[in-house]
Amino acid sequence: MSGLLESAKDWLNVGLGFVYPEVCQICQEQRAGPAECFLCQDCRAAVQWVERPFCERCGLPYQGAITTTFECANCQEREWHFNWARSAVLARGNVLEVIHRYKYRRALWFEPFLAELLVKASGPGLLEGKWDAIVPVPLHPIKEREREFNQAARLGKRLSAAAQIPLNTRILRRVLPTRTQTLLNREDRLANVNRAFALRKGARLNGERLLLVDDVFTTGATTSACARVLCAGGADEVCVWTVARGI
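Read on for an overview of the structure. Note that the structure is a prediction, hence the values are computed from the model and not measured.

For the protein chain, the helix and strand inventory stands at nine helices and six strands. Counting only residues that meet the buried cut, the protein chain has 49% of its 247 residues in that class. Counting every atom, the protein chain has about 13,200 Å² of accessible surface; 50% of that belongs to carbon and sulfur.

Time to look at the pattern of salt bridges. Using the criterion set out here, one finds 11 salt bridges in the structure. Of the charged contacts in the structure, one is a salt bridge between arginine 106 and glutamate 148, with a shortest N-O distance of 2.8 Å. One end of the pair, arginine 106, is in the loop between helix 4 (93-104) and helix 5 (111-128); the other, glutamate 148, is in the loop between helix 6 (141-147) and helix 7 (151-163), and 42 residues separate them in sequence. Ionic pairing is found between arginine 158 and glutamate 111, a salt bridge with its closest N-O pair at 2.6 Å. Pair noted here: arginine 158 is in helix 7 and glutamate 111 is in helix 5, with a separation of 47 residues, a long-range link. Looking at glutamate 111, the relative accessible area reads 3%, which means it is buried. Overlapping salt bridges, with partners in common, bring together Glu22, Arg31 and Glu36 in one network.

What follows covers the sheet that holds strand 2 (residues 133-136). If you walk across this open sheet you meet the four strands as 1-6-5-2, and the pairing is parallel. Unpaired on one side and paired on the other, strand 1 (85-90) and strand 2 mark the two borders of the sheet. Between one strand axis and the next, the sheet turns through 20° on average, direction left out of account. As defined by bridge partners, strand 2 adjoins strand 5 (residues 209-217) across four bridges and the pair is classed as parallel.

Conventions we followed
Residues numbered from 1 in each chain as written. Predicted model: local features only at pLDDT ≥ 70, side-chain atom pairs only at ≥ 80, totals over all residues. Heavy atoms only, no water. Helix = DSSP H or I, 4+ residues; strand = E, 2+ residues; numbered from the N terminus. Buried < 20%, exposed > 50% of the residue type's maximum accessible area, 1.4 Å probe, protein only. Areas by Shrake-Rupley, 256 points an atom, 1.4 Å probe, with all protein chains shown as cover. Salt bridge = Lys/Arg side-chain N within 4 Å of Asp/Glu carboxyl O. Pairing = 2+ DSSP bridges. Axes fitted to C-alpha atoms, helices over the stretch in contact; angles between N-to-C directions.

Below you can see the structure in the form of structure tokens.
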């Protein structure tokens, strides 16, 4: 079976090589083929990792010599329903462009790169803890039919394989076809996703530790709304990992 999969991957790379020139799709200058996700080393190296110091609750990074743990002013004023949120890199520059092309132009060849960022940042911590399931933030069925895939579910599947944590897409569902969050301010985002999520019919939770996964954390409205439903349904702890963090 592994031989067949490798053969299929080789043929896929050959096919992509015919359709797309082996040049980085971001800078359009250096060589990068299917094996490199059409991203050159310079564009890969330009990503900005989220490093300490950052808010212990929402993961917002700060500049400066802060040596103690802290919560940002926003978290002190907000009622989050997740225990904590973390992100791998900042949602700017090359990463943001890759995510937009991946989500909105179906550039699926960027997926291994995005998953690599998520796994590299989250992997060590996840291996130390005991998690019952990875739960991707769901899309509404209408949106998923339009996009033809759910990026959170695909990234969650890759993280599941790397961290050996079961992926569960049968717990949470999106019940309202909300507007895209990208053009909304903080308050409108909160209102937009209020009551947008629910447990799937027949889903049962009993003290589980769950890891929510999404592509981007911006205001936290979406992940907090998901966590509220999961905690109300019986989860003991809900934490968040995303590929990128909006600033």
